[in-house]
Amino acid sequence: MGAASDVQQQVQSLQLDGKTMSFTEVVQQKKPYYEKRVQLFEQYAARQKDRIEAAKAANVPIKIVLPDGATKEGLKGVTTPLDVAKQISNSLAKKVVVAKVDGETWDVFRPLEGDCALQLHSFDDPEGRETFWHSSAHMLGQALELEYGVDLTIGPALEEGFYYDCYMGDKALSDGERSNIEKRIEAIAKDGQRFERVVVSRDEALAMFEENKFKIEIINGLPEDATITIYRVGPMVDLCSGPHLPNSSFVKAVSVFNVSRAFWRADVAKEPLQRVYAITFPDKAQLKEWQHRIEEAKKRDHRNVGVQQELFFFHQLSPGSCFFLPYGGRIYNALIELMREKYWEYEYEEVSGLACLMRQLSCMGTSRQHATDRLGYTASTCRVFYLFTGRRSTGELPPSAQPDAQLCF
């Protein structure tokens, strides 16, 4: 624990003095922490290998049922979904990225634990794409650690692509760093690093990540009976529920397309984070197709089209709300008229609320709490709604028409 405490003090000191340190110096200070994780992982992995050897010795047969009703034989705690894929065909084994065991997503390299129904998925399936991009997020995390010495937080897969949020103290990433990150990920892919999984106790997980307060918070928030799993890819070890690719060589094309700002737990009162967005594919042709589709979508973006057609414009004095120009005003009014026709059709009556209300009235409805819970507004950020302050009261723009409608009815 003494060495770990020393590393933690170093991490804290570099966070306080982040502006004076280069990224290389930051990485060097974090290196003992990264190495400690690998050492602990290898200890836990050795324990897991012993269990596999014991399962081989026990030689307990299991029956594996495929989607077409065919069955395969295996050994409990030994046979993996990838072994089954190889029995079917080598071409399938090269494409499969994740399995489903009795409906639960499962690493293709993870031993089966008993009789089961097995499905195998490639990148062409939704389950396969999610796993592909989730694993790619770990590769991105490795790149961010080795290149910038960041503290990783969370890195989920998205509908298309993935991101990783990381803490850098007072430092920040610029768009110019995207090419460096891409090169790192490409090198990780070429290296063919295996993904490995171990199950650990809560105390073991806390010891492994004690230098990363974000991971500690996540671990402490897990249910008491949670199964805690750790994954490794190369020198990067992360808290994760999985599943993952067999190895990093499945990734053949990558694009790091955005770097933005975020906050821990989506709370502006908490630590500022850097969010890096990327997407990967199993071949370069799919990446080019995606890039073409994104460029075409930008051409049809209503925010750009509306400005080009002189319908409306945006201004920093009203971020998120547009100013309608004469042609845009005609469209706006036509939509309002259509809404009114629908009111009559469905026998609704219309009332007209107020643009500015006493703060006490706005607090009557659920709108403020909704804004706080769902949109991430806090007590401090909600103050942006307060527009008029007099000697006796404060007015604000209500989040919706609900509060004043309560007075009408």
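Here, every reference points to the structure presented above.
Residues numbered from 1 in each chain as written. Predicted model: local features only at pLDDT ≥ 70, side-chain atom pairs only at ≥ 80, totals over all residues. Heavy atoms only, no water.

(A) Structural view of the sheet that holds strand β10 (residues 236-239). The antiparallel open sheet is built from 3 strands, whose spatial order is β8-β9-β10. Bordering the open sheet on either side are β8 (195-200) and β10, each of which pairs with just one other strand. With direction set aside, neighbouring strand axes in the sheet form an average angle of 25 degrees. Sheet analysis places strand β9 (residues 228-233) next to β10, joined by 4 bridges and oriented antiparallel. Pairing of Tyr231 across the sheet is with Asp238, part of β10. On the sheet, helix α5 (residues 126-148) packs against β8, β9 and β10 and is oriented at approximately 125 degrees with respect to β10. (Pairing = 2+ DSSP bridges. Helix = DSSP H or I, 4+ residues; strand = E, 2+ residues; numbered from the N terminus. Axes fitted to C-alpha atoms, helices over the stretch in contact; angles between N-to-C directions. Contact = heavy atoms within 4.5 Å.)

(B) Seen up close, the packing of aromatic side chains. With the rule as written, the count across this model stands at 15 aromatic pairs. Ring centres 5.6 Å apart and planes at 45 degrees place the aromatic pair Tyr33 and Tyr34 in the tilted group. This pair shows no difference in class: Tyr33 is buried, exactly as Tyr34 is. Taking the centre distance of 5.7 Å and the plane angle of 90 degrees together, the rings of Phe123 and Trp133 count as edge-to-face. Remark: Trp133 occurs in helix α5 and Phe123 occurs in the loop between β5 (116-121) and α5; sequence separation between them is 10 residues. (Phe/Tyr/Trp six-rings, centres within 6.5 Å; stacked < 30°, edge-to-face > 60°. Buried < 20%, exposed > 50% of the residue type's maximum accessible area, 1.4 Å probe, protein only.)

(C) Main features of the sheet that holds strand β6 (residues 151-152). Taken in spatial order, the 4 strands of this open sheet run β6-β7-β12-β11, and their pairing is antiparallel. With one partner strand each, in any of the chains shown, β6 and β11 (253-263) form the two edges of the open sheet. Sheet topology places β6 next to strand β7 (residues 162-167); 2 bridges connect them, and they run antiparallel. Residue pairing for β7: Leu152 is matched across the bridge by Cys166. Along the sheet, α5 contacts β6, β7 and β12 (272-281); its crossing angle with β7, the most-contacted strand, is approximately 30 degrees.

(D) Up close: the pairing of β12. With respect to burial, β12 is a largely interior element, 9 of its 10 residues being buried. Pairing of β7 with β12, which is carried by 5 bridges, proceeds in the antiparallel orientation. What sits directly across from Phe162, in β12, is Ala278. Note that β11 and β12 share 10 bridges and pair antiparallel. Of the residues in β12, the one forming a bridge with Val259 is Val276.

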